[in-house]
Structure formats: structure tokens, C-alpha cells
Amino acid sequence: MNLFGPVTGIISAVNPCIQATLKASNGSETLPSGRVAPEYIEVLITIQVQAASSEDLQQVANLNQSTDARSVYVYGHIKGLDRAHQFGGDILVFDDSEWLVVGQPEQWGRGEWCKLIVVRQTPSQQPCPKTM
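Here's a quick rundown of the structure. (Residues numbered from 1 in each chain as written. Predicted model: local features only at pLDDT ≥ 70, side-chain atom pairs only at ≥ 80, totals over all residues. Heavy atoms only, no water.)

1. What about the packing of aromatic side chains?
Here's step 1: For the structure on display, the rule yields three aromatic pairs.
Here's step 2: Seen from their ring centres, tyrosine 73 and tryptophan 113 are 6.3 Å apart, and the 45° between their planes marks the pair as tilted. Placement of the pair is tyrosine 73 in strand S3 (residues 69-75) and tryptophan 113 in strand S6 (residues 113-120), with a sequence separation of 40 residues.
Here's step 3: The exposure class assigned to tyrosine 73 is buried, which follows from its relative accessible area of 15%.
Here's step 4: Take tryptophan 113: its relative accessible area is 11%, and that puts it in the buried class.
Here's step 5: Where phenylalanine 94 meets tryptophan 99, the ring centres are 5.0 Å apart and the plane angle is 5°; that geometry is what we call stacked. The pair formed by phenylalanine 94 and tryptophan 99 is uniform in burial state, with each residue classed as buried. (Phe/Tyr/Trp six-rings, centres within 6.5 Å; stacked < 30°, edge-to-face > 60°. Helix = DSSP H or I, 4+ residues; strand = E, 2+ residues; numbered from the N terminus. Buried < 20%, exposed > 50% of the residue type's maximum accessible area, 1.4 Å probe, protein only.)

Spelled out as C-alpha cells, the structure:
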């Protein structure tokens, strides 16, 4: 049973879904210089972005990240970074920034939808608000 569909409609009245680009990791390429460069497959997706909960922030703190973190809900199955099993490294692009998927604390169904923890990798290009 897909509860995400009906609930998304209700939540979107308060916190609208946004479009994002998923840069799904597709391995790496060794350049002629010997440098290894990651390769990605880019897909346009719809996401629901929310503030990270205290539990999510605890997971990020364990990664020694000192950056913005968000919780993202998305249709489909996207895994967090797992170096031991050599997968992950997916990036979401939204709000003029790249966000690394560092965890997937929740998944419903057989890949129907999941909750991700993302951390900002690049600064926002938006100007800082002026102070009085």
C-alpha cells in the first residue's frame, strides 16, 4: 500500500515538493593524468525537503560533518554512502547547491519511497541577506 502518494498531497499544501537533479553514481573513470573522476547519470526527480531531525543530525555528527543537513523524501530507492560495500556517492542538486546523500534511515515498500539524509557540498549562490 502506497501511503506516500496521498500524504504528499496534504503535506505539499504546507511544504511543496520541488524538482531536483539526482546525480546517481555510476562508478569512476581514470583520466589520462591518472586522476580518478566520478561518473554520474543525471535524472530529474521530485523531492520533499524538510529540516533534519535531531536523530538525523546525530547520524551526520558521527560523520564529522560541519555543514547544512536536510531530510529528503523521494520516490524510489536511493542508498546512502557506504564505502565498505563500495556504493553510494549520489548527489541531489536543489536550492542552487549540491547535496551528498549520506544516509537512508527509512525505506517503505520495495523501493517505493525513502527518506534520505543529505549534507550540503557546495555553498548556495544566493546572496547573504542584508542586516540592519
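2. Focus on unusual backbone geometry
Here's step 1: The phi dihedral of aspartate 95 is positive, around 55°, even though this residue is not glycine.
Here's step 2: Assignment of secondary structure puts aspartate 95 in the loop between strand S4 (91-94) and strand S5 (97-108).
Here's step 3: Positive phi values are uncommon outside glycine, yet aspartate 96 reaches one of about 60°.
Here's step 4: By the element assignment, aspartate 96 lies in the loop between S4 and S5.

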